[in-house]
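# Working through the structure, step by step
One letter stands for each residue in the lines below.
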Amino acid sequence: MKILKYLFFLLLIVLIGGAVYVATISGEFQVEESRVINAPDELLFNTINEYKTWDKWGPWMDESDDLIMEYPEKTSGEGASYSWKSETQGSGKMETNKVAPFTSIDQDITFITPMGESKSDVYWKFEKTEDNKTKVTWGMKGTQSFMEKAFWATQDSTISQMLRPMYARGLEKLETFATEKMKEYMVHVDGVTEHGGGFYMYNATASSIAAIPEKMGQMLPAVFGYMKQNNLPMTGKPFTLYNEYNEEQGTAIFSCGIPTRDKVVTPKESPILCDFLPRQKAVKTTLKGNYTNLKEAWETAYKYLKDNNLEPNADSAPFEVYVTDPSQQLNPANWITEIYVPIL
């Protein structure tokens, strides 16, 4: 009996010593990961701010096959939330309590475990880089309860060490998701319309079809610079007029122009000229998305003409109008380009 008594007191001493040790462990923790993503801050912010996107990039989706997400009516902005249930991952809830558009998001996360509820603060930061990329920081901080400290004291790693690779994986998946979102596009034939025409300043050249984007990148700024230098008003969006386009030879003659109010007489030596686009009937096609999809948009426009027995006007060049300024809208999926094919 004495041996049992000694064993009991020894166990009691171990328990008390363990409790004292756990009590001395700091319960404060913080973990964060950052990644520079080649995507605009607006797209990344809106993705994180909308909880219904989280199952597309959340790293925990790789960890569980039985995760069930539940969404209330409000899933974005302050007061938004979502909850989850899983036999293997447990259950919990996330709620947004503060947002600063395109800059930061603050959230509360609650884990429901056998040890009770565990609450922590989650935060996101979005910082523009000089090359139009975005540094995204994802972090969590909080204070562990006594039971949580006791649990992690028996593990091979801390909660921060466990979460860090998961956060890194989440940011990697977020980049993949954002990259795919920026590739989205839509082509729509608006049908027959009347384009108003008018005077425009322009610069013309001949080049290979492959070199058109590079040439445009030089020509449009030159026209814009000339108009700004001479205080000429811009009365419309920039456009490219395709005077000749030979796919077999891979060559084109085209003009890059910007509408202006009145006729302008330029010096003989000036590469920037003025011309007039007549009011005319045309088939209008709209591309929403990256310029890399323009070939498909043009093909769609001409297919519409053929399917509807409409004849292109050979005396009037087709053109495309750039409604969206890429320097202001960094997400290519939101670029709007209008294609006009004049018809008889």
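As the structure is a computational prediction, the values presented were derived from the model and not from experiment.

### Describing the overall build of the protein
A tally of regular secondary structure across the protein gives seven helices and 15 strands. A buried classification covers 40% of the 344 residues belonging to the protein. Counted over contacts in the protein with a minimum sequence separation of 6, partners at least 24 positions apart contribute 65%. For the protein, the accessible surface area stands at approximately 20,000 Å², while carbon and sulfur atoms represent 53% of it.

### Focus on the side chain of N293
By the element assignment, N293 lies in the loop between β13 (280-288) and α7 (294-307). Look at N293 and you get buried, because its relative accessible area is 13%. Once you skip the residues sitting within four places of it in the chain, N293 turns out to touch Y185 and L287.

### Describing the side chain of T285
With respect to the secondary-structure elements, T285 resides in strand β13. The exposure class assigned to T285 is buried, which follows from its relative accessible area of 0%. Beyond its immediate sequence surroundings of up to four residues, T285 is in contact with V187, H188, V189, D190, A297, A301, T337, E338 and I339.

### Things to note about the confidence of the model for the protein
A residue-level look at the protein finds 83% of positions with pLDDT of 70 or above and a mean pLDDT of 86. For the protein, per-element mean pLDDT is lowest for helix α1 (residues 2-24), which scores 44, and highest for strand β15 (residues 336-342), which scores 98. In the model, residues 149-153 has pLDDT below 50 throughout and makes 14 contacts with residues more than four positions away in sequence or in other chains.

### Some words on helix α6 (residues 212-229)
Over its 18 residues, α6 extends 25 Å from the first C-alpha to the last, a length consistent with the 26 Å expected when each residue adds 1.5 Å. Every buried residue of α6 is listed here: I212, M216, M219, L220, V223, Y226 and M227. The buried residues of α6 all sit within an arc of 125 degrees when viewed along its axis, so they share a single face. Counted as exposed and oriented over 90 degrees from the buried face of α6: E214, K228 and Q229. Contact partners of the buried residues in α6: β9 (198-208), β10 (239-246), β11 (251-259) and β14 (319-322).

### As for the sheet that holds strand β12 (residues 273-277)
The strand order β8-β13-β15-β14-β10-β11-β9-β12 describes an open sheet built from eight strands, whose pairing is antiparallel. The open sheet has two edge strands with one neighbour each: β8 (186-195) and β12. Recorded for the sheet is a direction-independent mean angle of 30 degrees between the axes of neighbouring strands. In this structure, β9 lies alongside β12, joined through five bridges in antiparallel fashion. Bridge pairing in β12 places G198 opposite L277. Relative to the sheet, α6 contacts β9, β10, β11 and β14, its axis offset from that of β11 by approximately 30 degrees. Seen against the sheet, α7 touches β8, β10, β13, β14 and β15 and runs at an angle of roughly 35 degrees to β15.

Conventions used here
- Residues numbered from 1 in each chain as written.
- Predicted model: local features only at pLDDT ≥ 70, side-chain atom pairs only at ≥ 80, totals over all residues.
- Heavy atoms only, no water.
- Helix = DSSP H or I, 4+ residues; strand = E, 2+ residues; numbered from the N terminus.
- Buried < 20%, exposed > 50% of the residue type's maximum accessible area, 1.4 Å probe, protein only.
- Contact = heavy atoms within 4.5 Å.
- Areas by Shrake-Rupley, 256 points an atom, 1.4 Å probe, with all protein chains shown as cover.
- pLDDT = per-residue confidence, 0-100.
- Expected span 1.5 Å × (residues − 1).
- Arc of directions from axis to C-beta.
- Pairing = 2+ DSSP bridges.
- Axes fitted to C-alpha atoms, helices over the stretch in contact; angles between N-to-C directions.

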